[in-house]
Amino acid sequence: MFNLFELSGPYGLLLFLAGIVGIIASIRYLFRTTPISSVHAGKVHDGCKFDRAEVRRTSMLATPPIDLSNLPPPDARVVAELAGVQIANVEKALKELTGETNVTVGGKSVQITSRNTYHKNLDLAMAYLEEFYAGLGVKTTRVQYMQRGKKFYNLEAIFPGKVTPDKVIVIGAHLDSTAGDPWRLEAVAPGANDDGSGTVSLKEIAKVLVKLNLGNTVRLVHFTGEEQGLWGSYTYSDKLAEDKTRVIAMFEMDMVGHCHKPGNRLDIHDDLDRNGSHALVVDLVRNVARYGLQLNPVDTHNHAVHDRSDNAGFLDHGWKAVLISQEFSDDGWDPNYHSVNDRIASMNLPFMVETIKMVIATVCDYAGIR
Ligand SMILES: [Zn+2]
Ligand SMILES: [Zn+2]
């Protein structure tokens, strides 16, 4: 009869080693994580601290010029669509997403109190978005990735181009939220500005894109795991690179709902023209002038929010990408950032509507509406 404990010599040692290997493999399986490309190596995400030293260092550098002459006339179809972006719609969507009003998801009335990465309501919020896109007749896909043994999803909605569908424009926002303690389960994390504002912006953009004939493809992507360190957008951008996708532009909208200074200043970060991303800033700023929007977009011309949002992964892969966000300075900063007070009451919805219009006009140009 075989008795494991009586084995000795080389067989016993082999069995012992096999056992160790088995235990390590099981632990690794329990904590399995989708591998992240080496292009993102060396990134440190230290809780979204704003790098003031970087702002001081770059404040004396000349900002690349933006020529506002020879603007093309506004496109009548775009003008008509911009008129449809209304404060009331944005406010209603924000209330639903931040738990201020109940929503019907899967036939049940629910309250989305938190979109914290570890809260079950994050899934509810994603289902809510899926129902929204289904209502428009737009197909969505949950793109899965793993982190520490748990499955997470980014949600993508694809609007295929009719002429050159292989040319892709990505517009991103993150669906997850935090009230300041992202590594724990937070029961209340409204995240109205961060990043309910970007999420609702994507909904408004979808409502326009679905009505237009696009030459190139547009992907609207709701990323997750942003607050823990850009988990979703790193894996998503890696997959695009692996598939040899031609990303011609990436626009991330993160915290676009707070501005309490006159002039509606909005920051656009191109990481000091990394990969030629200043070209996107130029097109956004020119469209503000072309369509007479009430915005003051500013090229921040520094790395101060480098790797702080979902555009980072796209820059790492060599694509043009910008972060569109609120003013990152001492007095422009949202005091309710990463707190339970990040609610609609502290937002500036007319400012947010103008920002959405700027992105719609620019995406229409990049997608080549026909
Ligand atoms: Zn954010
Ligand atoms: Zn955040």
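Residues numbered from 1 in each chain as written. Chains lettered and ligands numbered in written order. Predicted model: local features only at pLDDT ≥ 70, side-chain atom pairs only at ≥ 80, totals over all residues.

## A closer look at the sheet that holds strand β10 (residues 321-325)
Heads up, the condition is: Here a strand pair is declared whenever DSSP counts at least two bridges between the two strands. In this text, helices come from DSSP runs of H or I with a minimum length of four residues, and strands from runs of E with a minimum of two, each type numbered from the N-terminal end. To define axes, lines are fitted to C-alpha atoms, for helices over the stretch in contact only, and angles between the resulting N-to-C directions are given on a 0 to 180 degree scale. The contact criterion used here is simple: two residues whose C-beta atoms, placed from the backbone, lie within 7 Å are in contact.
Spatially, β3-β4-β6-β5-β7-β10-β8-β9 is the arrangement adopted by the eight strands of the open sheet, whose pairing is mixed. Each edge of the open sheet carries a strand with a single partner, namely β3 (140-147) and β9 (296-299). Here the strands of the sheet are splayed against their neighbours by 25° on average, with no regard to which way each runs. In this structure, strand β5 (residues 164-174) lies alongside strand β6 (residues 216-223), joined through eight bridges in parallel fashion. Within β6, the residue paired with H174 across the bridge is F223. Strands in contact with helix α6 (residues 192-209) are β4 (150-159), β5, β6 and β7 (246-253); relative to β5, the strand with the most contacts, it is inclined by about 145°. Sheet strands in contact with helix α8 (residues 231-242) are β3, β4, β5, β6 and β7, and its direction is about 110° off that of β3.

## Side note on the pairing of β4
Examined bridge by bridge, β3 and β4 share eight bridges and lie antiparallel to one another. Across the sheet, the residue bridging to T141 is E156, located in β4. Joining the antiparallel neighbours β3 and β4 is a turn of two residues, in which R148 adopts a positive phi near 50°. For β4 and β6, the ladder comprises five bridges, and the chain directions are antiparallel. The residue of β6 that forms the bridge with F159 is V218.

## Re the environment of D254
For the record, the criterion: Any residue with 12 or fewer other C-beta atoms within 10 Å of its own C-beta is exposed, any with 20 or more is buried, and the rest are partly exposed; the C-beta atoms used are placed from the backbone.
Assignment of secondary structure puts D254 in the loop between β7 and β8 (265-269). We classify D254 as buried; it has 27 C-beta atoms within 10 Å. With 72 residues separating them in the primary sequence, D254 and Q326 have C-alpha atoms 8.0 Å apart. For D254, the residues in contact, after removing those within four places along its chain, are A173, H174, D195, G198, S309, L323 and S325.

## Details of the environment of D123
In this fold, D123 is placed in helix α5 (residues 121-136). Considered as a pair, D123 and Y153 are 30 residues apart in the sequence and their alpha carbons are 9.0 Å apart.

## Considering the domain arrangement of the protein chain
Selection rule: A domain assignment, automatic or from a database, supplies the domain bounds used here.
With domains assigned, the protein chain is organised as domain 1 (1-30) and domain 2 (37-367). One C-alpha centre belongs to domain 1, the other to domain 2, and the line joining them spans 51 Å.

## Some remarks on the packing of helix α3 (residues 76-83) against helix α11 (residues 349-367)
Going by this rule: Working definition: roughly parallel below 35 degrees, roughly antiparallel above 145 degrees, roughly perpendicular at 65 to 115 degrees, and oblique for all remaining angles. Definitions for this section: a left-handed crossing has its near helix turned counterclockwise from the far helix by less than a right angle. A right-handed crossing has that turn clockwise.
The N-to-C vectors of α3 and α11 enclose an angle of 150°; their axes lie 10 Å apart at closest approach. Between α3 and α11, the angle falls in the class roughly antiparallel. The two elements α3 and α11 cross, and the hand of that crossing is right-handed. Packed against α3, whose contacting residues are V78, E81 and L82, the element α11 presents K357, I360, A361 and C364 at the interface.

## Comments concerning α8
Note the cut-off: Each residue after the first adds 1.5 Å to the expected span of a helix.
The terminal C-alpha atoms of α8, which comprises 12 residues, lie 17 Å apart, in line with the 16 Å expected from a rise of 1.5 Å per residue. Along α8, nine of the 12 residues are buried, which leaves the element largely enclosed by surrounding structure. Among all positions in α8, only W231, G232, S233, Y234, T235, Y236, S237, D238 and L240 are buried. Within two residues after α8, K244 carries a phi angle of roughly 55°, on the positive side.

## A look at the pairing of β9
So the rule is basically this: Classification remark: right-handed applies to a crossover when, strands pointing away from the viewer, the course from the first strand over the helix to the second runs clockwise.
The alternating pattern of β9 places P297 and D299 on a buried face, while none of N296 and V298, on the opposite face, is buried. Where β8 lies against β9, four bridges are found, and the strand directions are parallel. Each bridged residue has a counterpart across the sheet, and for D267 the counterpart in β9 is V298. Assessed by its sense of winding, the connection that carries the chain from β8 through helix α9 (residues 278-290) to β9 is right-handed.

## So, unusual backbone geometry
Most peptide bonds take the trans configuration, and most residues that are not glycine carry a negative phi. Each neighbour pair has its own omega, and for D194 with D195 the value is -5°, a cis peptide bond. Turning to its location among the elements, D195 is positioned in helix α6. At L272, a position not held by glycine, the phi torsion is positive, near 55°. Its location among the elements puts L272 in the loop between β8 and α9. Overall, the presence of 17 C-beta atoms within 10 Å leaves L272 in the partly exposed class.

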